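Each chain, written out:
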Amino acid sequence: MINNPFDIKNKVIVITGTSRGIGLALAKGFLHHGSYVIGISRSKSLLIGHDKYTHYNFDLNERKLIKKLVSEIKQKYQIID
């Protein structure tokens, strides 16, 4: 049986800007299709509380801390799809 290459169920997806706009819409779409979403934004997201959503309040202008954030995500989820 060949796996569906477009199946995103249980995939770990990182999306920036999930507090509003395109980022929020993308996160909702991935969650609707069963993905785990790691949301990153400077503001809180409406998705906080969803069982497959993890939110990081983070300013991506803090370049020195990005590697630390990615390491933390990988440690928790083992993989970023």
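Residues numbered from 1 in each chain as written. Predicted model: local features only at pLDDT ≥ 70, side-chain atom pairs only at ≥ 80, totals over all residues. Heavy atoms only, no water.

*Asks:* Sorry if this is basic, but what is going on with the sheet that holds strand 1 (residues 12–16) here?
*Replies:* Adjacent strands of a sheet form backbone hydrogen bonds with each other and so pair up, either parallel or antiparallel. Pairing is parallel across the open sheet formed by three strands, whose spatial order is 1-2-3. Since the sheet does not close on itself, it has two edges, and those belong to strand 1 and strand 3 (53–57), each with one partner. Strand-to-strand twist across the sheet, computed as the mean angle between neighbouring axes with direction ignored, equals 20°. Bridge count between strand 2 (residues 36–41) and strand 3: five bridges; the pairing is parallel. Considered in strand 3, the bridge of I40 is made with Y56. Contacting strand 1, strand 2 and strand 3, helix 1 (residues 21–32) crosses the sheet at an angle of about 165° to strand 1. Helix-sheet contacts for helix 2 (residues 63–77) involve strand 1, strand 2 and strand 3, and the interaxial angle to strand 3 is about 160°. (Pairing = 2+ DSSP bridges. Helix = DSSP H or I, 4+ residues; strand = E, 2+ residues; numbered from the N terminus. Axes fitted to C-alpha atoms, helices over the stretch in contact; angles between N-to-C directions. Contact = heavy atoms within 4.5 Å.)

*Asks:* What am I meant to see in a nonpolar patch on the surface here?
*Replies:* Taken together, the side chains of V14, V70 and I80 define a hydrophobic patch exposed on the protein surface, amounting to about 180 Å² of accessible area. Along the chain, I80 turns up in the segment after helix 2. Judged by relative accessible area, I80 falls into the partly exposed class, the value being 31%. (Patch = residues over 30% accessible without salt bridge, like charges linked within 9 Å, V, L, I, M, F, W, Y side chains within 5 Å. Areas by Shrake-Rupley, 256 points an atom, 1.4 Å probe, with all protein chains shown as cover. Salt bridge = Lys/Arg side-chain N within 4 Å of Asp/Glu carboxyl O. Buried < 20%, exposed > 50% of the residue type's maximum accessible area, 1.4 Å probe, protein only.)

*Asks:* Looking at this model, I keep getting lost on helix 2. Mind explaining?
*Replies:* Given 3.6 residues per turn, any residue in an α-helix points the same way as the ones three and four places further on. Along its 15 residues, helix 2 runs 22 Å from first to last C-alpha, staying within 8% of the 21 Å computed at 1.5 Å per residue. Regarding helix 2, the residues found buried are L69, I73 and Y77. Viewed along the axis of helix 2, the buried residues span an arc of 50°, placing them on a single side of the element. Opposite its buried face, helix 2 presents the exposed residues K64, K67, K68 and Q75, each directed more than 90 degrees away. Along its buried surface, helix 2 packs onto strand 1, strand 2 and strand 3. Downstream of helix 2 by one or two residues, Q78 has phi in the positive range, about 70°. (Expected span 1.5 Å × (residues − 1). Arc of directions from axis to C-beta.)

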